[in-house]
Amino acid sequence: MTAPGIAPATDPRQVSRRKCLQSLSVGCIPLLFSEQASAGAQIEEPLMDSVRTALSSAIAKRAPPVPEFSDTESRLAYLRWLGAMSERLKKKKPEWLVRKEFLQTVWYESKRAGLDVALVLGLIQVESNFRKFAVSSVGARGYMQVMPFWTRVIGDGDAGKLFHMQTNLRFGCVILRHYLDREKGDLFMGLGRYNGSRGKAPYPHAVLGARKQWEFNG
């Protein structure tokens, strides 16, 4: 994530990240991350009052991530998805209850933001490799590597909450939705904005490549 239209500063630390992302784009998955995550060099952007209000509202509407379904078939489809994703995530999160809570929350927050769940899971894999307490060299935090300044711009200013699972996923999904809207639905450009590398191929290709592991047609 970065400010629209502002290119991130050149940083030698990005070299190894680019090499990793380039390898991902040709199918070298799973990722091999160190304990410290690497995120784009995000820069705080000025937001119009209307945009800030909309984003703040989206963040503030607290609700437990409990899926609701209009019919039995929809619920059964969700349960089939949950079972399949649980098997795929088992190596990253061995405990069933932890996996269930995480996947349920990802599903809920993705749907709430109008995002493809597989896309969000692919982004989480690339950003943090599913580590709740991941911190990048520039201070981005949690599963979706949200920069602390976002809590002040559209939240209550408590950056510590970014290590709370649902809070992190909600911020990440709302911000990604914002960037996709700015790019009129263009995934390549929207993902680039999220990472701070707008217009460059490695990061979008890495996320879109990782997304394939989380697609479900059951």
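Note that residues are indexed from 1 along each chain, following the sequence as it is written. Local features are withheld for residues below a pLDDT of 70 in this predicted model, meaning they are given only at 70 or higher, and side-chain atom pairs are given and counted only at 80 or more; totals for whole chains, interfaces and linings count all residues. To get the side-chain values, take all heavy atoms of the structure and skip hydrogens and water.

This part is about the overall build of the protein. When you go through the protein residue by residue, the secondary structure sums to nine helices and zero strands. With a 1.4 Å probe rolled over the protein chains alone, any residue whose accessible area is under 20% of its type maximum counts as buried; one over 50% counts as exposed, and the rest are partly exposed. In the protein, which comprises 218 residues, the share counted as buried stands at 48%. Helix and strand assignments come from DSSP, with helices taken as H or I runs of at least 4 residues and strands as E runs of at least 2, each series counted from the N terminus.

Of all 10 residues in helix α9 (residues 202-211), eight are buried, a share of seventy percent or more. Along α9, the residues that are buried comprise Pro202, Tyr203, Pro204, Ala206, Val207, Gly209, Ala210 and Arg211.

Turning to its location among the elements, leucine 187 is positioned in helix α8 (residues 187-195). In sequence terms leucine 187 and leucine 119 are 68 residues apart; their C-alpha atoms lie 9.7 Å from each other. With residues near it in sequence (within four places) discarded, leucine 187 still touches Leu119, Leu180, Leu208 and Arg211. Contacts are assigned to residue pairs with any non-hydrogen atoms lying within 4.5 Å of each other.

What counts as a ring pair is set by centres within 6.5 Å for rings of Phe, Tyr and Trp (its six-membered ring), and what kind of pair is set by the plane angle: stacked under 30 degrees, edge-to-face over 60, tilted for all other angles. Applying the stated rule across the entire model yields 10 aromatic pairs. Ring geometry for tyrosine 78 against tryptophan 107: centres 4.9 Å apart, planes inclined by 65 degrees, an arrangement best described as edge-to-face. With a gap of 29 residues between them, tyrosine 78 in helix α3 (residues 72-89) and tryptophan 107 in helix α4 (residues 96-112) connect regions that are remote in the sequence. This pair shows no difference in class: tyrosine 78 is buried, exactly as tryptophan 107 is.

Right, let's talk about the packing of helix α7 (residues 165-182) against α8 for a bit. Helix packing geometry: the angle between the two helix axes and the distance between the axes. All axes are obtained by fitting lines to C-alpha atoms, using only the stretch in contact for helices, and the reported angles, taken between N-to-C directions, cover 0 to 180 degrees. The geometry of α7 relative to α8 is characterised by a closest axis approach of 8 Å and an angle of 130 degrees between their N-to-C directions. In terms of axis orientation, α7 runs oblique to α8. Where α7 crosses over α8, the two elements pack in a sense that is right-handed. Contact with α7, carried on its side by Gly172, Ile175, Leu176, Tyr179, Leu180 and Arg182, involves Leu187, Gly190, Leu191, Arg193 and Tyr194 of α8 and no other residues of that element. When the residues that make up the contact of α7 with α8 are grouped by side-chain class, the tally is seven nonpolar, two polar and two charged. Note on angle classes: values under 35 degrees are labelled roughly parallel, values over 145 roughly antiparallel, values of 65 to 115 roughly perpendicular, and the remainder oblique. A clockwise turn of the near helix away from the far one marks a right-handed crossing, whereas an anticlockwise turn of less than a right angle marks a left-handed crossing. Put simply, Ala, Val, Leu, Ile, Met, Phe, Trp, Tyr, Cys and Pro go in the nonpolar bin, Asp, Glu, Lys and Arg in the charged bin, and everything else, Gly too, in the polar bin.

Here we come to the environment of glycine 139. Inspection of the secondary structure assignment puts glycine 139 in the loop between α5 (117-128) and α6 (149-154). Looking at glycine 139, the relative accessible area reads 22%, which means it is partly exposed. C-alpha of glycine 139 to C-alpha of phenylalanine 149: the two residues are 10 residues apart in sequence and 9.9 Å apart in space. In contact with glycine 139, other than residues within four places in its own chain, are Val146, Met147 and Pro148.

Here α5 spans 16 Å end to end across 12 residues, near enough to the 16 Å set by a 1.5 Å rise per residue. For α5, the tally of buried residues reaches 12 of 12 residues, placing the bulk of the element in the interior. One or two residues past the end of α5 sits asparagine 129, with phi positive at roughly 55 degrees. Here the expected span of a helix is defined as 1.5 Å times the quantity of residues minus one.

Here the focus is unusual backbone geometry. At phenylalanine 130, a residue that is not glycine, the phi angle is positive and equals roughly 65 degrees. Mapping phenylalanine 130 onto the fold places it in the loop between α5 and α6. Positive phi outside glycine occurs at glutamine 145, with the angle close to 50 degrees. Checked against the element boundaries, glutamine 145 lands in the loop between α5 and α6. Classification of glutamine 145 as buried rests on a relative accessible area of 0%.

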